[in-house]
Each structure stands twice: as structure tokens, then as C-alpha cells.
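Next come the chains, spelled out residue by residue.
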Amino acid sequence: MAGASSGSHLVWLVLLLLRGGRAAGASARTCRQDDVTFELITGFVYSAPKDVLDTRTGTLKLSECIAACQEHGDCQSLNFETGLCVLFSSSAETHPGGLAKSQFPVFTLFAQRTCLRGANAVAGAGAKAGGVTGRHWAFETVRGHVLRTSVRRHHRVASRRDCMQLCLDQRDFVCRSANFHHDSGDCSMSDMDRFTVSGLSSLTPEDRIDYLESNCVSDPIKMCDFTEQPGRILKTVDSVHQEVATLAECRKLCLQSTEFRCHSFDYEDTGPKVCRLSHHAAPSLQHIEEPYLELDKAVTYQLTACYNVTIDCRGTDMVARVQTNKVFNGKVYAKTRPNSCVSDVVNSLDFQLKLGYHDLNCDVKQEAPGKFSADIIIQHHDQIVTGQDVGLSARCSYSLENSTVGHGVRLEVAGEPGGGGGGAGAGVAGGGGTVQPQETTYVVSPTVTMRITDRRGEDIHTAQVGDALSLRFYILDQHTPYQIFVRELIALDGVDSSEILLIDSLGCPTDPTIMGAISTVEQADGAQVLQAPFDAFKFPTSDVVQFKALVTPCLPKCEPVVCDVEDYYGTVRRVDSYGRRRRREVGGKQSKDVAKDDDVLLVQSIRIADKFQFDTNGGGAARAPKDAVGLGAGHRQNLLRGDDPYLHARPSVHRSCVTASSLLLSAAVFLGLQLLLAAGWVYLWRPRESAAAGHHQVAVSRAARSRGSAASVSSSRGSSCRSVLAYHSHPPHWQRFYHTP
């Protein structure tokens, strides 16, 4: 029973294989002409001498060789080398043993006919984005290799052709490649291929697995870079073009190729004005033995990266969308705001950067009404700018011409005066309805300006740290129905390395010790003026402080927002700040107005000096900055002395100033006191000195009398000297002094 069962299974397997072979043959015979395409295998040559249909020398394009096979009804495969095309009536599908690696020193391109539903249509659609009409081969197969990359989708299929069909039919993502496992039938599809992945080690040998790469996808062809590979050219290329005038035209032929995805070219290395193009480059030639021919002064130009950038101009922002042909790791940012307006990109072929027109972090410039621009940098390294980075300018222009849109309503009212009757029926029949007149009035948005002033409202352009200043917001238009509110007020250091948020999106101060709440300032003409008080400050990296704020007009009035403000001592108090727009009523309910179309971006800057600036000549004296000449005389003197000018705003604080005259007076008083002390000391000490001298004289006279008259003479000569010696010596030792007569 077991033998019978195994025999039946074997018979069933043979029948299944025969049925599959007949189905494949029928499919090949019944394949629609639009579905006929070719599968390319590089580095393999097909040998079937009995099946050779034609040998064509002088064929310089792979596409011409494939077209010749398509035109020949019995052609199933071909071998192509530059200048040689051989057609066969059989293929590796029916005779697998006929396919072998091509012999060194050349490599062959082998292509065989296959049937893929919609291959030409997909190729045409994919090529249409790149400006072409179709491609002669749909997939390239690398036998015994697998691409190590991210897999987007898995499917179990019966054959390699079915795996190609799945990749071709994929609509959820752009299928660029697939790995087909012969034993399990697993078809692993990916949006990456040999050219998009980073590095040259992604394609690795693996038995019983074939790598399939689509030729039906389109690549970016703008802003492309090529790298030079000197001293070598490819042995076999896809096409050869003659009478190409310049290197730039050869490069253009490569980028605009309609027959294949061109990745490298060489120019005038095989003859004058000869341009050779290839779909191969270093990443796709890892499995080929010595694909290049070494030649002195020859150069192969290899495509590295291309960037297609599209700008989407929207109502309140612009979006820069970038598509590249090589997986990108880096960042894209606004040139003037590399830290605040940036998008980090990790392993992606498509990325974008959103730049809000009123986003303070992105610094989009408004060149004229309705014209916005920003410079964008595509940077590969996370910290430094390199030669492979790309810069571009994004611009959006809008038409701001006024246009009137009206909706006429025909009203028919019964009993209309002069309508031809008094009844309802008469009013309708008489056609007394008229189109209501229309009147359109445009109220332009107010013109708002921001000024930096002192607390009295006088303009200030330079100041010192600690000065009592204010930011004031004015509506310049007279008799305007608008009021304004302020939010998102920030300070920048002028070099984009530091910034601080002073007023948040709700209109409340973030740190009351730096800037207070926004309040109204009474004006004689009744105009609305808002003020935000602050003490002058600066950033360590710059003496220029730039302020930016979003100001939005509102109707009919702006109501303040209540903010919880904590003072220096930690006490929390509630204050009103005119930093939020009044909520509009929609359908009888209040709702937050999220529209930002009428926001106005205001920018102002001021130069703020340190409190002390020392002379670099070594004198050590504090000096005023050059900008101080624009201030008052009193302020300049304060800067020269190094005082804090903010103290002038506090009348209750008393202080003394040390000047040159006061220093001289103090020195004179000190010397006078020293002289008085010296005189008093002399006055008190002199009587004691006289008494001591008399005592010594008495002692000497007594000693002289005891020694005789000679001694008396000696004592009279030396009495004065002895008295001095006695004064400066200790009294017990005065007898030791000897004197000559």
C-alpha cells in the first residue's frame, strides 16, 4: 500500500509538471504583443549553435538587438556585446544548460523573451515621468545573489516570472526589486535596489536565490552629480552614440535616456565624438569579473545622486518635496535657520520640509506682496557641510488682485408696491421680483509697526544691559476698525545660535523677570498701542538682539488673556496680557480662530552693549562703546564710569559717584590729618626728652668730680656728645663710650 501510494504521488507530480509545461508553452504562444518583454541577465552567454537565427555585426545598441528579436517571430533570446548581436530560437527557460558565465576578457548581456501583463504600459507610465515612452526589457536578473535590504512585502509564488509580475503590479509602494527563493517560492519585494542602497556590499551571493531588478521605474534626473573614475572604461555598454559634440551633450543623453536607466557614460575614449552609455555602474558590477578595460587618460563618469525638488505653494506655507535616487541620511533645513527649521531624514528616498510664511523658526522672506522665498540646504552629514551637499532656492508667488464674487437672488414678494395687483397671485404673475443691488467694500488690513523705546516712548537704537526699555506695537492707519494682539514674540542673537521665547502662543510672558505682560498705552488720539516692558539684555555671542513677533488684527476688539505670572519672590499673580485674539462666534458658539492668513510678522533689532568694556591698550579704564554717541550726554558719562544706567529709572535709590576731583580732595584731607598727628606727637614728646637730658648731665658731673679736674675738662668737651649717646643708648651702658681729649 505504501509503494502504491508513493507511486501515485509520483505520477501526480509528473502530470502536474507536464501540465505546467504545457500551460507555460501555451502562455508563451498566446501572450499578447503588448505584454511581450525581455528579461536581462548580465555576465552570461547562451550557447545553442543549432538554434541561431541571425548574427548581426555592427549593432551598437542593446535596444536595436532586442527590437530585432521582437520583429523575428521565432526569436526567443539573444546575446549582445558592443558591436555584435546574435538571435536564438530557444532560450534558457527551455534549455537551462545552454546558459553559462561569459568568458573573460569580455562580458555578455543575455536577454530572453518573457510575458508580463502590462509590462509595456507600466514601463511607459514609469518612463513618462522621466520624459520617455517605453523600455525594451522589464527586469534584470542576477542569479545566485540576494540584495540585503528592507523588505516591504512577502508573497509565495510558483516561478520567477510570477515574482516579476507581482512586483510590476504593486501599487502600495514603488517596487524596485525582489528576491525570489527557488525552494520556498518566497517573493520578497522592496522599494530599494542596487543603486539606491548605500555601500557596495548589499548584493551578496546566495544559492537558490535570484535577485530581480525592475527597469520599469523612473528615477530623478534633475540636479544630478557624476563622479569621475579615471583610467578605465566599461568593456560592454548598452548604447554607442556618434557625432556627439560635447561632454555636456553626452551627459544629457545619459540623463534623458528612454531605453534604460543610465548610470554611467564615457566620452571620446574610443573615438572622436563617441559617447557610450550604460545602465551599469560600480554597484551593479560586483558579480562581474573585471568589467572595466584599463586605459590611460580614459574617464568613466558614474552617476552618484539626483534630486528632483518640487515646491507646493499653499495658503500659509510652502512645502519643498525632495525625491532622490539614492537612500538619503542627513537633514534638510532652511539656510538661515539650520537649527530651528530642519527635517531629519533617515534611510529615505522621499522627504520634505515645510516652511511656514509666518513661522518665526523658518525665516521665510517676503520679497514683495505675495512673493515668498527661502534658501534650502540638503546636507548629508549631520554636523558639517560637504561638497556633495545641495543648495536651492524655493519661491512662491501669489496673485493678490482683488476680485468680486457675488450671488444674485431673485426675490418675488406678494403685494409688492407697484407690482400690478394687490393679491398674491397677481404679485407672482406680474413678475415684480428684482435682483437686489450689490455693494462691495474692501477694508484692508492695518499697517502695524514695532518699535524699541524707553519707558517714555522715545525710540532707542542702542542701549546697555539693564536699561529699562519697551517694545511698542503701533497701528499706523488712522480711523481703522481693527485692533491688534501679539503672540510668539522671540529674541534672537543675530547669528542664529541662540534664541529665547518671550511671549508664548497664548500671549503670556514666559519669564516675567525678562519681559512683562503686554499692556495698552493710552494715546491722545485714541489709537491702540501695545507695550511689552523689559530690561535690556543680550546674548553672549552677539551684541545685536533681534526681536520677532506675530501680530494679528481682530474685529471689533481684542480681549486680553489672563496670565498667571510669578515674580522674583515666587508670588503668583494674575495679570491681563493683550496677546490673544478674541474668539469669534460661529453658529452662536465661541470657537477658537485658528486662521493665520492675516498674521503680520514684525522684526526689529537693537544693539546692546555690555556694562563694562575695558580699553585694550592696557590702561584698564572702562570706556564707552562707539554706539554710545547716539545717547544723551548723561548716559555717555554713565557708560564712561561703568555705572548702571538702569538706576536712573529708580529715583528712590541713592548712590555716590567717585570723580577725579573727589579723589584729590580725599588725598589732601588724609595728608593734613597725618601732619596734625605728627605735630601732636612731637609736642608731647619734647618735654620728656629735655628731662632725660638733664638727668644724664647731673650724673656725668658727679662722676667727673670724683676723677679730678682733667676729667672735668674731658667731660666738658664731650658732655654734649655724651648726652646724645646717652639718649640713644641704654642708660646702664653709657660708661663704655670713650672720648678723645
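Everything numeric here is computed off the predicted structure, so don't read it as measured data.

The rules behind each value
Residues numbered from 1 in each chain as written. Predicted model: local features only at pLDDT ≥ 70, side-chain atom pairs only at ≥ 80, totals over all residues. Heavy atoms only, no water. Helix = DSSP H or I, 4+ residues; strand = E, 2+ residues; numbered from the N terminus. Buried < 20%, exposed > 50% of the residue type's maximum accessible area, 1.4 Å probe, protein only. Areas by Shrake-Rupley, 256 points an atom, 1.4 Å probe, with all protein chains shown as cover. Contact = heavy atoms within 4.5 Å. Phe/Tyr/Trp six-rings, centres within 6.5 Å; stacked < 30°, edge-to-face > 60°. Pairing = 2+ DSSP bridges. Axes fitted to C-alpha atoms, helices over the stretch in contact; angles between N-to-C directions.

### Here we look at the overall build of the protein chain
Okay, step 1: Helix and strand counts for the protein chain stand at nine helices and 38 strands.
Okay, step 2: For the protein chain, buried positions account for 40% of its 741 residues.
Okay, step 3: Here the protein chain displays about 41600 Å² of accessible surface, and carbon together with sulfur accounts for 53% of that area.

### Brief notes about helix α2 (residues 62-71)
Okay, step 1: Those residues of α2 that sit buried are L62, S63, C65, I66, A68 and C69.
Okay, step 2: Looking at the buried positions of α2, the neighbouring elements they touch are β1 (36-42), β3 (52-57), β4 (77-81), β5 (84-88) and β7 (109-115).

### A short note on the packing of aromatic side chains
Centre distance and the angle of the planes are the two values used to describe a pair of aromatic rings.
Okay, step 1: Throughout the structure, instances matching the rule amount to nine aromatic pairs.
Okay, step 2: Consider the rings of F537 and F547, whose centres lie 6.2 Å apart with planes at 85°: the pair is edge-to-face. Of the two residues, F537 sits in the loop between β32 (529-535) and β33 (544-554) while F547 sits in strand β33, which places them ten residues apart along the sequence.
Okay, step 3: For F547, a relative accessible area of 0% puts it in the buried group.
Okay, step 4: Connected via pairs of aromatic rings, a cluster forms that spans Y46, F88 and F110.

### A look at the pairing of β7
Okay, step 1: Within β7, seven of the seven residues are buried, leaving the element largely enclosed by the surrounding structure.
Okay, step 2: The alternating pattern of β7 places L109, A111, R113 and C115 and F110, Q112 and T114 on opposite faces, both of which are buried.
Okay, step 3: The pairing of β1 with β7 spans seven bridges and is antiparallel. Directly across from E39, in β7, lies its bridge partner Q112.
Okay, step 4: Relative to β7, β4 runs antiparallel, the two sharing four bridges. Each residue of the ladder has a partner; that of N79, found in β7, is F110.

### Observations concerning the sheet that holds β1
Okay, step 1: On the basis of which strands lie adjacent, the open sheet formed by ten strands has the order β3-β5-β4-β7-β1-β8-β12-β10-β11-β9 and mixed pairing. Of all the strands in the sheet, just β3 and β9 (153-156) have a single pairing partner and so form its edges. In this sheet, adjacent strand axes meet at a mean angle of 25° when their direction is disregarded.
Okay, step 2: When strand β10 (residues 177-181) meets strand β12 (residues 203-214), the two strands line up antiparallel, connected through five bridges. Looking at the pairing, A178 lines up with L212 of β12.

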